[in-house]
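Structure at a glance
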Amino acid sequence: MKTAIKSYPPFIDLQPVMKVGGTIRLPGSKSISNRTLLLAALSHGTTEIHDLLASDDTLVMLNALQKLGVHWHQCQNTQKYTVEGVGGKFPVRQADLFMGNAGTAIRPLVAALAVLGGDYTVHGVPRMHERPIGDLVDALNQAGASIDYTGNDGFPPLHIHQGAFHAHRLQVKGNVSSQFLTALLMAAPLIAQHHDVLIEVVGELISKPYIEITLNLMARFGVQVERNGWQSFTIRHGQQYQSPGSIYVEGDASSASYFLAAAAIGGGPVRVEGIGLNSIQGDVRFADALAQMGVEIRKGDNWIEAECHTPLRSIDLDCNHIPDAAMTLAVAALYADGTTTLRNIASWRVKETDRLSAMATELRKLGASIEEGQDYMRISPPSEIQAAEIATYDDHRMAMCFSLASLDGKLRRGATMRILEPQCVAKTFPDYFEAFGSLRNEDLF
């Protein structure tokens, strides 16, 4: 796979710049890429996937599918892949699967393996073994799966055995990660060969737009899901995944947030290509949050453009609909005219790192006053942004977010940012610093 296995320096120094502008072609969406790979693998027929994201997380999924006997082929040195579907049954029934730190890969794959049964061990990097998966495992085991924890209860690594699915009804908590519901939805057609399957959400469901992505892609692969609001989902019996023949992966809306925010801070205009008016990703609504801050936003079918020549306004926002892109707002808030409050972001704590704690720690280095709650953050900007050495916690979004603090805004100037371990961006956006440098009109490496 063509991914950014490249040589990164141990850190990158970003000097303040006054003006940014340009056009960025976005890499493929991680959420869409990994869902599409699994659905294509489980389908009847062969699928051509165009514009698949080249990243560590998609490489993890591709390698796992290959170990499970799924044949796929990369078209020369492009991001076009051909995946031969296995018709709902993996050929290899015993495998050891390394899933890195890819939540979009491990959760849906665990559900599919649990339903199909076999002898599988599933593990990842140390941080993955700290990310909860208990709500998903509980839902599957209660329905007849046989999954054991081989480390700490509630967390990977896991050992999946041959189960005996008997339940027509599954229940899963919705307040920790929407990926648990996504996993059950994607596995449900494998259960529903002889009877309908009802999936019920217990409590509040967070990150709803990511479920919209899941339902949209399942429909493209021939499976319709009936919804009762956000509380229950029914998959009628007899449906099977069928290849759509060819499918295109949208640009990554979460990645777009950094470039749109760069325009908000540094003037712009900046245009991102690969998402637009018809995007199925919730994070496109990040642009609406910028509009509340006073940024001029323009949209087309396959692009969004931002421009701003006035000071940013502070906002108070429920971020449940943009959990990943909300991190970018936290850095943009350094340039606002008052205190910004980001609410309903408890899911930050179970991501690649505890992002609430990590963001608070690094923002304070820049001089901001931070109030950190269990599910909110309040950012009061400093009178002057301080130069800092930014720890990235092996979290791609930390590196990308804090690169923005090197830009000069209307109310306060940026400062020199030393970003440690910049290689972490390879998780989703291997060429991020090259793209960011192009907006700054400089070569960062």
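Here is a short report on the structure shown in this document. (Residues numbered from 1 in each chain as written. Predicted model: local features only at pLDDT ≥ 70, side-chain atom pairs only at ≥ 80, totals over all residues. Heavy atoms only, no water.)

Quick look at the environment of Ala368 now. Counting through the fold element by element, Ala368 comes out in the loop between helix H10 (355–365) and strand S20 (369–372). Distance from Ala368 to Lys427, taken between C-alpha atoms, is 28 Å for residues 59 residues apart in sequence. Non-local contacts of Ala368, meaning those with residues more than four positions away in its chain, are made with Leu334, Leu363, Ile379, Ser380 and Pro382. (Helix = DSSP H or I, 4+ residues; strand = E, 2+ residues; numbered from the N terminus. Contact = heavy atoms within 4.5 Å.)

A word on the environment of His159. Examined against the element boundaries, His159 turns out to sit in strand S9 (residues 158–160). Sequence-wise, His159 and Asp119 are 40 residues apart; in three dimensions their C-alpha atoms are separated by 7.3 Å. Not counting the four nearest positions on each side in its chain, His159 is found in contact with Asp119, Tyr120, Thr121, Ser146, Ile147, Asp148 and Thr150. A distance of 2.6 Å separates a polar atom in the side chain of His159 from a polar atom in the side chain of Asp119. (Polar contact = N/O pair within 3.5 Å; in protein donor to acceptor, adjacent residues only side chain to side chain.)

The next thing to look at is helix H6 (residues 208–220). Counted at 1.5 Å a residue, the expected span for H6 with its 13 residues is 18 Å, and the 19 Å between its end C-alpha atoms agrees. Every buried residue of H6 is listed here: Lys208, Pro209, Tyr210, Ile211, Ile213, Thr214, Leu215, Leu217 and Met218. Two residues or fewer past H6, Gly222 is found with a positive phi of approximately 90 degrees. (Expected span 1.5 Å × (residues − 1). Buried < 20%, exposed > 50% of the residue type's maximum accessible area, 1.4 Å probe, protein only.)

Here we take up the packing of aromatic side chains. As enumerated under the stated definition, the model contains 7 aromatic pairs in all. Seen in terms of ring centroids, Tyr432 and Phe433 are 5.2 Å apart; in terms of plane orientation they differ by 75 degrees. Their pairing is edge-to-face. Between the aromatic rings of Tyr432 and Phe436, the centroid separation amounts to 5.7 Å while the plane-to-plane angle is 10 degrees, which identifies the pairing as stacked. Of the two residues, Tyr432 and Phe436 both sit in helix H12 (residues 432–440), 4 residues apart, roughly one turn of that helix. Grouped by ring-pair contacts, the aromatic residues Tyr258, Phe259, Phe429, Tyr432, Phe433 and Phe436 constitute a single cluster. (Phe/Tyr/Trp six-rings, centres within 6.5 Å; stacked < 30°, edge-to-face > 60°.)

It is worth spelling out the sheet that holds strand S5 (residues 81–84) at this point. The strands making up a sheet are joined through hydrogen bonds of the backbone, oriented either antiparallel or parallel. The strand order across the open sheet built from 4 strands is S4-S5-S3-S14, with neighbouring strands paired in mixed fashion. The open sheet has two edge strands with one neighbour each: strand S4 (72–74) and strand S14 (246–248). Across the sheet, the axes of successive neighbouring strands diverge by a mean angle of 20 degrees, strand direction being ignored. Bridge count for strand S3 (residues 46–50) against S5 is 4 bridges, and the pairing is antiparallel. What sits directly across from Glu48, in S5, is Thr82. The sheet strands contacting helix H1 (residues 30–42) are S3, S5 and S14, and the helix crosses S3 at an angle near 165 degrees. (Pairing = 2+ DSSP bridges. Axes fitted to C-alpha atoms, helices over the stretch in contact; angles between N-to-C directions.)

A water-sized probe rolled over the atoms picks out the places where empty space is left. Within this structure, the stated rule accounts for 2 cavities of 30 Å³ or more. Computed from the structure, the largest cavity encloses a volume of approximately 330 Å³. What lines the largest cavity is a set of 30 residues, and nearest its centre among them are Ser31, Gln179, Tyr210, Asp324 and Lys351. When residues of the lining of the largest cavity are traced back to their parent elements, those giving at least two are H1, helix H3 (103–116), helix H5 (178–191) and H6. In the lining of the largest cavity, the residues fall into 7 nonpolar, 12 polar and 11 charged. Of the pockets and cavities examined, the second largest cavity occupies roughly 30 Å³. Taken together, Ala253, Ala256, Ser257, Leu260, Ile275, Asp283, Val284, Phe286, Ala287 and Ile304 form the lining of the second largest cavity. At the level of elements, helix H7 (253–266) and helix H8 (286–292) are the ones that each hand at least two residues to the lining of the second largest cavity. If you tally residues by element for the lining of the second largest cavity, the top one is H7, at 4 residues. (1 Å grid on protein atoms, 1.4 Å probe; cavity = no way out; pocket = protein on both sides within 12 Å on 5 of 7 lines; lining within 4 Å. Points joined across faces, edges and corners; volume = space filled by probe spheres on them. Nonpolar A, V, L, I, M, F, W, Y, C, P; charged D, E, K, R; others polar.)

With that out of the way, let us pick up H7. Across its 14 residues, H7 extends 20 Å between first and last C-alpha, which sits within 8% of the 20 Å expected from 1.5 Å per residue. A large share of H7 lies buried, amounting to 14 of its 14 residues. Capping the start of H7, Asp252 holds a side-chain oxygen 3.1 Å from the backbone nitrogen of Ser254, two or three residues further along. Directly after H7, the chain includes Gly267, whose backbone phi takes a positive value near 110 degrees.

Considering only enclosed or pocket space, the second largest pocket measures out at about 200 Å³ in volume. Contributing to the lining of the second largest pocket are Asp56, Asp57, Val60, Phe98, Gly100, Asn101, Val125, Asp394, Gln423, Cys424, Ala426 and Lys427. The dominant element in the lining of the second largest pocket, judged by the number of residues it contributes, is helix H2 (residues 56–67), at 3 residues.

Don't take any of this as a statement about function, it's just geometry.
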